[in-house]
Amino acid sequence: MTLPVFMFYLISATILLFSVMTIASRKMLRSAIYLLFVLIATSGFYFLLNYQFLAGVQLTLYAGGIVVLIIFSILLTSHISHKFKRPSTWKLWMGLTVLVIGSATALWVILLQPFSKDPALKTVPVTMHLIGNQLLGLGKNGYVLPFELISILLIAAMIAAIVVAKKESN
Amino acid sequence: MIQGLSIYHFLVVSTLMFFIGITGFIIRQNLITILLSVELILNSVVINFLVFNRFLYPDQLQGHFFSLFIIGIAAAEASVAVALIINIYRRIRNINADNVNEMKF
């Protein structure tokens, strides 16, 4: 077993274990920390696939930004030792049924699908130079329009978050 | 291309992660835990985009850029969701999804 294969199995075991613990834990802060582990392990996948830039984005934005935001909101809205009550049996069975049937169907379809790569395609090295040129490119393989749209979306979300969470002055 | 790993390995992991997220979405009542499940779902989708990019179309970076945009949109979504959750908490003093059944007071 080579090192990448070993790392793959290690990372997938981490991801699956902590995903289950994220939804199964009855303490909210622990759920958030387990989600943090899932996100860090996912960035390991990106390193494995040779997308170093995206792995960095994942670590800073997801693991650094979103998880901190969620932990803040947990601390603001609930007591730290608060435990949820168990989900009702009906809901639990419904969730498990969706898990089993859904993943069985999806895996059945995926494993029967013959994915074949066109051998004529050459692998392009993912360099910062290429990423920057394509992200702000106007021509073929240029992504400047979604880039600008997402900047508008982010500022709209920022203003919306401030307006929604602002204390009403009365 | 990675020695010893096929596209199926990655797809199995991301599929299981996706459905674990959906299960969490169903069985939990707390709004923040539902948000955590949504993050799980988004992450599995990002893995899928990257895997298809790397294994089937390695001559371009389409999956890479879409993953980048998904991560950006997830950040925006999380910030708005947290603002809404804090506002709901301020009004009804808890954040159970079952108790949020009125649009306006």
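Residues numbered from 1 in each chain as written. Chains lettered and ligands numbered in written order. Predicted model: local features only at pLDDT ≥ 70, side-chain atom pairs only at ≥ 80, totals over all residues.

### Points about the overall build of chain B
Counting secondary structure elements, chain B contains three helices and zero strands. On C-alpha atoms alone, chain B measures out to a radius of gyration of 18 Å, which is more than a quarter above the 13 Å that the 2.2 N^0.38 rule sets for 105 residues. In terms of overall dimensions, chain B has a C-alpha envelope of 55 × 25 × 15 Å along the principal axes. Burial status across chain B gives 48% buried among its 105 residues. (Helix = DSSP H or I, 4+ residues; strand = E, 2+ residues; numbered from the N terminus. Rg over C-alpha atoms; globule rule 2.2 N^0.38 Å. Buried ≥ 20, exposed ≤ 12 C-beta atoms within 10 Å, placed from the backbone.)

### Structural notes on the interface of chain A and chain B
Listed as interface residues are 73 residues of chain A and, on the opposing side, 63 residues of chain B. Broken down by secondary-structure element, the contributors of at least two residues to the side of chain A that touches chain B are helix H1 (3-24), helix H2 (28-48), helix H3 (52-77), helix H4 (89-112), helix H5 (128-135) and helix H6 (144-165) of chain A. Taken together, the residues that form the side of chain A that touches chain B break down as 54 nonpolar, 16 polar and three charged. (Contact = placed C-beta atoms within 7 Å. Nonpolar A, V, L, I, M, F, W, Y, C, P; charged D, E, K, R; others polar.)

### A look at the environment of Asn-99 of chain B
All names here are of chain B. Relative to the helices and strands, Asn-99 resides in the segment after helix H3 (62-92). Between the C-alpha atoms of Asn-99 and Phe-18, which are 81 residues apart in sequence, the distance is 27 Å. In contact with Asn-99, other than residues within four places in its own chain, are Ile-92 and Asn-94.

### A closer look at the domain arrangement of chain A
The domains assigned to chain A are domain 1 (1-100) and domain 2 (124-170). The C-alpha-based centres of domain 1 of chain A and domain 2 of chain A are spaced at 25 Å. (Domains from an automatic or database assignment.)

### Describing helix H1 (residues 7-27) of chain B
For H1 of chain B, with 21 residues, the first-to-last C-alpha span of 31 Å sits near the 30 Å given by 1.5 Å per residue. Most of H1 of chain B sits out of view: 15 of its 21 residues are buried. (Expected span 1.5 Å × (residues − 1).)

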